[in-house]
Amino acid sequence: MFHQNYQIPFNKPFLCGKETDYIRDAVASGKISGDGLFTARCQAFYEQRYGFHKTLLTTSCTDALEMCALLLNIKAGDEVIMPAYTFVSAANAFLLRGAKLVFADSHAQHPNIDEELLEALITPRTRAIVLVHYGGMACNMTKIMQLAQKYGIYIVEDAAHATDARYLGENNAYLGGIGHLATFSFHETKNVMAGEGGLLVINDPQFAQRAEIIREKGTNRAAFFRNEVNKYEWVDIGSSFLPSELIAAFLYAQLECIDLIQQKRIAIWQHYAQLLQPLAQSGNIKTIQMPPYAECNGHLFYILCQNADERDQLIAHLKRHSIYASFHYQALHCSPFFAPFHDGRALPNSQYFSDCLLRLPLYYELSLAQVETVAKAVMAWYA
Ligand SMILES: *Cc1c(COP(=O)(O)O)cnc(C)c1O
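K.L.:
Help me out: how do you make sense of the state of the cysteines in this one?
P.N.:
Throughout this description, disulfide means a covalent bond between two cysteine sulfur atoms. Throughout the structure, instances matching the rule amount to one disulfide. Across the disulfide, Cys-16 is cross-linked to Cys-257 (sulfur-sulfur distance 2.1 Å). Residues Cys-16 and Cys-257 are joined by a disulfide whose S-S torsion is about 100 degrees; by sign, that bridge is right-handed. Remark: Cys-257 occurs in the loop between helix 8 (245–256) and helix 9 (258–281) and Cys-16 occurs in the segment before helix 1 (19–29); sequence separation between them is 241 residues. Just so you know, Cys-42 is unpaired, no disulfide at all, and the nearest cysteine sulfur is the one on Cys-16, 12 Å from it. Residue class for Cys-42 comes out buried when judged on its relative accessible area of 0%.

Structure (structure tokens):
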């Protein structure tokens, strides 16, 4: 059954109020294809609020990741390191260019890539590390950027979960602003959303011009519209990665109330953490253990059960109480598609999070009373 049919669904897209007004404005303006006023506003928002060098709105985070693989000129035989515990988008994006995927394990305490394991995975063919700030929790960017510099490899941050979160290390930089490239998602399950949509962040200026070309079917149309060239032509490979103004108009309405959204989501997150603390103290479950350099952005809340069986029984118990909770990623190195290509290394922590992690409902309209209902139902099962 679809999760929306539950009294407490897993997710519920939140409308700030101006979304359809702005879509109507875009229609009335006579320009609904990409790169109009609302696209420019969304990009300016990210560049100003977070200090990103350059941003480009894309059709999805997956497409932004495909743009990263194109920008880095990934070719057959190049190696790309990424966590096994992540969404399939990053893996597909680089595999489509012929890369060899080298999966790294997670930390024991949290699902982020374990930076201590990375150096042993780097070879002369390693071109990039694609990391994910799981649940908006920062990876250890100081260590990872040091490795990148030492070995001349590029860092791509998949910041799909990481809206408005910082790395509490150097300069308290916003996530998505540290690696050479980064990507965000505006899928309806994310903190700010547009149904579908994404953003490419270019922090290394050497990629800025080519990113525009790749996004516009390999043409220099963007430069043409700025009157920098007198005709636009096919100058490189590319595809169609720019969303229509309708998407940008919707997204801009969401960005305008980002502070409200973040405040509410973080309050929900903190309420869960507080209510479930006794269950963690008694050793029944584990709650989120954030590294000291990470900050909570209220993207998701999870607990860790003892094993897969217990986790699945708890999901069923919550469903009986009309609450939809969910597991998350199935580790990519043992997926039906990739298992035959994996090099055989055991990745026990990725497997652990695949088996034991349970996400609880978290969305803007979830009331604190409903958070208590969920927490009580979890506690009742353990009692
Ligand atoms: C949601 C998500 C994506 C994919 O985003 P789309 O915009 O749906 O393509 C990629 N990576 C992670 C970590 C995600 O959570």
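K.L.:
Teacher, can you tell me more about the packing of helix 2 (residues 37–50) against helix 8 here?
P.N.:
Working note: a packed helix pair is described by the angle between its axes plus the distance between those axes. At a minimum axis separation of 8 Å, helix 2 and helix 8 run at an interaxial angle of 40 degrees. Comparing their axes, helix 8 and helix 2 come out oblique. Between helix 2 and helix 8 the crossing geometry is left-handed. Contacts between helix 2 and helix 8 involve Leu-37, Phe-38, Thr-39, Arg-41, Cys-42, Phe-45 and Tyr-46 from the former and Glu-245, Ala-248, Ala-249, Leu-251, Tyr-252 and Leu-255 from the latter.

K.L.:
I tried to follow the site of the ligand on my own but got confused; where do I start?
P.N.:
Taken together, 14 residues sit near the ligand, with Thr-62, Asp-158, His-161, Ser-185 and Lys-190 positioned nearest. Note that a nitrogen atom of the ligand is positioned 2.7 Å from one of the side-chain N or O atoms of Asp-158. At 3.4 Å from an oxygen atom of the ligand is found a side-chain nitrogen or oxygen belonging to Tyr-329. With respect to the pocket detection grid, the ligand is positioned in the largest pocket.

K.L.:
I tried to follow the nonpolar core on my own but got confused; where do I start?
P.N.:
The biggest cluster of nonpolar side chains holds 91 residues, and the ones touching the most others in it are Leu-276 and Leu-360. Of all hydrophobic cores here, the second largest spans 37 residues; its members include Met-67, Cys-68, Ala-208 and Ala-211.

K.L.:
I keep staring at empty space enclosed by the protein and nothing clicks. Help me out?
P.N.:
Sizing a probe to match a water molecule and rolling it over the atoms shows the empty space that remains. The tally for this structure, following the rule as stated, stands at two cavities of 30 Å³ or more. Put simply, the largest cavity is a space of about 80 Å³. Looking at the largest cavity, it is lined by 13 residues, and the ones nearest its centre are Lys-12, Phe-14, Lys-190, Asn-191 and Arg-265. Here the residues of the lining of the largest cavity are counted per class, giving six nonpolar, three polar and four charged. Its boundaries defined by the atoms lining it, the second largest cavity holds a volume of some 50 Å³. Considering the residues around the second largest cavity, the lining is formed by Tyr-134, Gly-135, Met-137, Trp-269, Ile-288, Met-290, Cys-296, Asn-297, Gly-298, His-299, Leu-300 and Tyr-302. Along the lines of polarity and charge, the residues of the lining of the second largest cavity split into eight nonpolar, four polar and no charged.

K.L.:
Mind showing me how you'd approach a nonpolar patch on the surface here?
P.N.:
Together, Val-27, Ile-32 and Leu-246 give the surface a local cluster of nonpolar side chains, amounting to about 230 Å² of exposed area. For Ile-32, the location among the structural elements is in the loop between helix 1 and helix 2. Classification of Ile-32 as partly exposed rests on a relative accessible area of 41%.

Basis of the calculations
Residues numbered from 1 in each chain as written. Predicted model: local features only at pLDDT ≥ 70, side-chain atom pairs only at ≥ 80, totals over all residues. Heavy atoms only, no water. Disulfide = S-S within 2.5 Å. Helix = DSSP H or I, 4+ residues; strand = E, 2+ residues; numbered from the N terminus. Buried < 20%, exposed > 50% of the residue type's maximum accessible area, 1.4 Å probe, protein only. Axes fitted to C-alpha atoms, helices over the stretch in contact; angles between N-to-C directions. Parallel < 35°, antiparallel > 145°, perpendicular 65-115°, else oblique. Left-handed = near helix turned anticlockwise from the far one by under 90°. Contact = heavy atoms within 4.5 Å. Near = heavy atom within 4 Å. Polar contact = N/O pair within 3.5 Å; in protein donor to acceptor, adjacent residues only side chain to side chain. 1 Å grid on protein atoms, 1.4 Å probe; cavity = no way out; pocket = protein on both sides within 12 Å on 5 of 7 lines; lining within 4 Å. Sits in = over half its atoms within 2 Å of the grid points. Core = buried A, V, L, I, M, F, W, Y, C linked by side-chain atoms within 4.5 Å. Points joined across faces, edges and corners; volume = space filled by probe spheres on them. Nonpolar A, V, L, I, M, F, W, Y, C, P; charged D, E, K, R; others polar. Patch = residues over 30% accessible without salt bridge, like charges linked within 9 Å, V, L, I, M, F, W, Y side chains within 5 Å. Areas by Shrake-Rupley, 256 points an atom, 1.4 Å probe, with all protein chains shown as cover. Salt bridge = Lys/Arg side-chain N within 4 Å of Asp/Glu carboxyl O.

Distances and angles like these do not, on their own, reveal function.
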